[in-house]
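Now for the letters of each chain:
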Amino acid sequence: MIYRPLWVLIFIMALKLSGFSQGVAYLKPNPQLLNTIEKNIKDADGQYKNLAKQLGPTQFPKTYDKVSRKLETSNSGWWCSGFYPGTLLFLYEQNHDPQLLSEANRMLTVLGNEQYNTHTHDLGFMMYCSFGNANRIEPKPEYKQILINSAKSLATRFNPKVGCIRSWDSKPSDFLVIIDNMMNLELLFWATKETGDSSFYKIAVTHANTTMKNHFRPDYSSYHVLNYNPETGAVQQKKTAQGYSDESAWARGQAWGLYGFTVMYRETKDKKYLEQAQHIAHFILTNPNLPKDKIPYWDFNAPDIPTAPRDASAGAIMAAALLELCRYADKKDAIDYFNTAQTILKTLSSSDYRAATGTNGGFILEHSVGNKPQKSEVDVPLTYADYYFVEAIKRYKQFALK
Ligand code: GLY
C-alpha cells in the first residue's frame, strides 16, 4: 500500500470533489513543471498575506503601481472584486493555510452586498468566482442564497428582444453587449441546478446563441462590443472599447470567448458550443502573432508587435480554458491544447512573469494590460491574472491524478 500523508489525501479528495477527478492517459503533466507550480502555490501564500496586510476594511486590491509603490484598490462594486477572495480560496484549497481562509471570509462579508446590484453584468465574475468557490469548498445555505439572489439580479438585465444580457448601461437607444459577458453565464447554470428554475438556463443559452451569431468574424475572432437596438434586436454597431481597433482581436476578449464557450459545452453538452470553443482555440493557437512562449500581446493586431506589451491575464485565462477544453476534444487537438496550456504555465512561472516574493505589492504575476486605449493599467499586476493562473495550476495538477 502506498503511504500518503493525511494532507495529501485531503487534497486528492478536494480535487475529486472539484469536478475533474482524473487524469487523461495521453495528457501527462511534466514532473518538473509540477514541482515548479507546487512551489509557486507555496510562494503565492506569502504574497497574498502581504497583499492582505495592505488592505483597509472594505478595500479590494486592483493593481500595484511599481513607480509610486502604491497599491490601488476598489470597493466591492468594481467588476474585479470577486477575484481576490476567489484566489485566496483556490490557494487555501491547495495550501490549507487557515489565514487565507479567514481573509477570504472577511472579504466575502463585504462582497455580499453586491447580490442585489442590478447595474452590472459582472455579477458572474464578482459573485461566482468568490461565493461560488466558497460554496464549492464548503456548501452553506447563506452562500447559496447570495448566489441565487445574484443570479436573479443578473437576469434582470436580460432583454428577450435582443436575446442578451445587457453589459454596460448607456443611453436608452443603445444595448451594449461585450464578449466578456460570456463569463457571467456559469452563475446562471449553477442557479438552475440549485433552484430547479430553468429560466436562468434559458437566459444563458439564449445569450450564448445570440453572441455566437453576431459577435464573431468568419475567422472566429470576436468583436469586443456589440450595440443592439433594444426594441428590435438588430445589430447597430460592432466595435471595440479595450482593443486596438474595431476590427482587431483584443487578446483578453478572445480568451473570454474561449473560456465562455468551453463552459457552455460543459453545462449543456451541446456540440455546437464545443465546435465554437475549438474554432476560437484554432484562431488563437494558429495566429502568427502568438509568441512562442504563448503569452499573447495585448491585442493580436497591435501595430507595434513585437514591442507591444504582453497580457499575462489573457495568457492565464487561455491556459485555464484550454485545460478544460482538452478534456472534451479529440486526442490530436487535446494534446495541442494541453501543450499550449503547459507552455503558458511554464512561461508565467518563470521570472519573466512571476514576481519575486516580497515584490509586486503582493500580486503573483506581473505584466498584464487592463485598458490600453485608456492608458489605464498597462503592464501591471491584475487580480484576474492571478485568479486564472491559480485556477489553471489547479486544473493542471488534476491531470496528475490516477
Ligand atoms: N471585463 C473587462 C476586462 O476584461 O477588462
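Here is what the cut-offs are and how they apply
- Residues numbered from 1 in each chain as written.
- Predicted model: local features only at pLDDT ≥ 70, side-chain atom pairs only at ≥ 80, totals over all residues.
- Heavy atoms only, no water.
- Helix = DSSP H or I, 4+ residues; strand = E, 2+ residues; numbered from the N terminus.
- Rg over C-alpha atoms; globule rule 2.2 N^0.38 Å.
- Buried < 20%, exposed > 50% of the residue type's maximum accessible area, 1.4 Å probe, protein only.
- Contact = heavy atoms within 4.5 Å.
- Areas by Shrake-Rupley, 256 points an atom, 1.4 Å probe, with all protein chains shown as cover.
- Near = heavy atom within 4 Å.
- Polar contact = N/O pair within 3.5 Å; in protein donor to acceptor, adjacent residues only side chain to side chain.
- Nonpolar A, V, L, I, M, F, W, Y, C, P; charged D, E, K, R; others polar.
- Pairing = 2+ DSSP bridges.
- Axes fitted to C-alpha atoms, helices over the stretch in contact; angles between N-to-C directions.
- Expected span 1.5 Å × (residues − 1).
- Phe/Tyr/Trp six-rings, centres within 6.5 Å; stacked < 30°, edge-to-face > 60°.
- Lys NZ or Arg CZ within 6 Å of the ring centre and 35° of its normal.
- Salt bridge = Lys/Arg side-chain N within 4 Å of Asp/Glu carboxyl O.
- pLDDT = per-residue confidence, 0-100.
- Parallel < 35°, antiparallel > 145°, perpendicular 65-115°, else oblique.
- Left-handed = near helix turned anticlockwise from the far one by under 90°.

Trainee: Got a minute to help me understand the overall build of the protein in this structure?
Mentor: Helices and strands together make up the secondary structure of the protein, namely 13 helices and nine strands. Computed over the C-alpha atoms, the radius of gyration of the protein is 20 Å, within 12% of the 21 Å expected from 2.2 N^0.38 for a compact globule of 402 residues. Among the 402 residues that make up the protein, the fraction classed as buried is 60%. Look at the contacts in the protein between residues 6 or more apart in sequence, and 67% of them connect residues 24 or more apart. Accessible surface, the protein: about 16,500 Å² in total, of which carbon and sulfur atoms supply 53%.

Trainee: How should the site of the ligand be read in this particular structure?
Mentor: Neighbouring the ligand are Trp 79, Asp 180, Gln 242, Trp 250, Arg 252 and Trp 256. Contact distances for the ligand include 2.7 Å between a nitrogen atom and a side-chain N or O atom of Asp 180. Between Arg 252 and the ligand, the recorded distance is 2.6 Å, taken from a side-chain N or O atom to an oxygen atom. About the coverage of the ligand: the protein hides 93% of its 200 Å² of free accessible area. Residue composition of the shell around the ligand, by class: three nonpolar, one polar and two charged.

Trainee: Mind showing me how you'd approach the sheet that holds strand 5 (residues 175–178) here?
Mentor: Each strand in a sheet pairs with its neighbour through backbone hydrogen bonds, running either in the same direction (parallel) or in the opposite one (antiparallel). Read across the open sheet, the three strands follow the order 5-6-7; overall the sheet is antiparallel. If you trace the sheet from one side to the other, it starts and ends with strand 5 and strand 7 (235–239), each paired once. Sheet twist, expressed as the average angle between the axes of neighbouring strands with direction ignored, equals 20°. On top of the sheet, helix 8 (residues 199–214) reaches strand 5, strand 6 (225–228) and strand 7; it is set at about 105° to strand 6, its chief contact.

Trainee: Looking at this structure, how should I read helix 2 (residues 31–53)?
Mentor: In an α-helix there are 3.6 residues to a turn, and that puts residues three or four apart on one side. Look at helix 2: 34 Å from first C-alpha to last across 23 residues, which is about the 33 Å you get at 1.5 Å a residue. Within helix 2 the residues assigned to the buried category are Leu 33, Leu 34, Ile 37, Asn 40, Ile 41, Asp 43, Ala 44, Asp 45, Gln 47, Tyr 48, Leu 51 and Ala 52. Contact partners of the buried residues in helix 2: strand 1 (60–65), strand 2 (70–74), helix 3 (83–95), helix 4 (98–111), helix 12 (331–349) and helix 13 (383–398). Sitting at the head of helix 2, Asn 30 places a side-chain oxygen 2.8 Å from the backbone nitrogen of Gln 32.

Trainee: In this structure, what is going on with the environment of Ala 392? I would like to understand it.
Mentor: If you trace the backbone, Ala 392 turns up in helix 13. Exposure remark for Ala 392: the relative accessible area of 0% places this residue in the buried category. Taking the C-alpha atoms as reference, Ala 392 lies 8.8 Å from Met 318; in sequence the two are 74 residues apart. Not counting residues up to four positions away in its chain, the partners in contact with Ala 392 are Ala 316, Ala 319, Ala 320, Leu 323 and Leu 345.

Trainee: Would you mind showing me how to read the packing of aromatic side chains here?
Mentor: Centre-to-centre distance and the angle between the planes together describe a pair of aromatic rings. Scanning the model with the defined rule gives 24 aromatic pairs in all. Following the ring pairs from residue to residue traces out a cluster consisting of Trp 78, Trp 79, Phe 83, Phe 90, Phe 125, Trp 256, Tyr 259, Tyr 384, Tyr 387 and Tyr 388. Here the guanidinium or amino end of Lys 62 rests over the ring plane of Trp 78, the centre of that ring lying 4.4 Å away. The positively charged end of Arg 217 is found above the aromatic ring belonging to Tyr 223, 4.1 Å away from the centroid.

Trainee: Whenever I open this one, the pattern of salt bridges confuses me. Can you help?
Mentor: Where charged atoms from two side chains of opposite charge come close, those side chains can pair. Tallying each qualifying case throughout the model produces 22 salt bridges. With a closest N to O distance of 3.9 Å, Lys 42 and Glu 38 form a salt bridge. Of this pair, Lys 42 and Glu 38 both sit in helix 2, four residues apart, roughly one helical turn. Since its relative accessible area comes to 29%, Glu 38 is described here as partly exposed. Asp 45 is the partner of Lys 49 in a salt bridge, and the nearest nitrogen-oxygen pair spans 3.3 Å. Placement of both Lys 49 and Asp 45 in helix 2 is noted, with a separation of four residues, approximately one turn of the helix. Judged by relative accessible area, Asp 45 falls into the buried class, the value being 8%. A single network of salt bridges, built from pairs that share partners, joins Glu 186, Lys 193, Arg 266, Glu 267, Glu 324, Glu 391 and Arg 395.

Trainee: Explanation requested: the confidence of the model for the protein in the structure shown.
Mentor: Fine structural detail should not be taken from predicted coordinates in areas where pLDDT scores are low. For the protein, mean pLDDT is 95; residues scoring 70 or higher make up 95% of the total. Low confidence marks residues 7–12, where pLDDT is under 50. Its contacts with residues over four positions away, or in another chain, come to nine contacts. Considering only residues more than four positions removed or in separate chains, one finds that residues 14–18, a stretch of pLDDT under 50, has nine contacts.

Trainee: What exactly am I supposed to notice about the packing of helix 5 (residues 123–137) against helix 6 (residues 141–155) here?
Mentor: A pair of packed helices is characterised by two quantities: the angle between their axes and the separation of those axes. Two elements in contact, helix 5 and helix 6, have axes separated by 10 Å at closest approach and are oriented at 160°. Considered as vectors, helix 5 and helix 6 are oriented roughly antiparallel to each other. Two packed elements cross with a definite hand, and for helix 5 against helix 6 that hand is left-handed. The segment helix 5 lies against helix 6, with Leu 123, Met 127, Tyr 128, Phe 131, Gly 132, Ala 134 and Asn 135 engaging Tyr 143, Lys 144, Ile 146, Leu 147, Ser 150, Ser 153 and Leu 154. Partitioning the contact of helix 5 with helix 6 into residue classes produces nine nonpolar, four polar and one charged.

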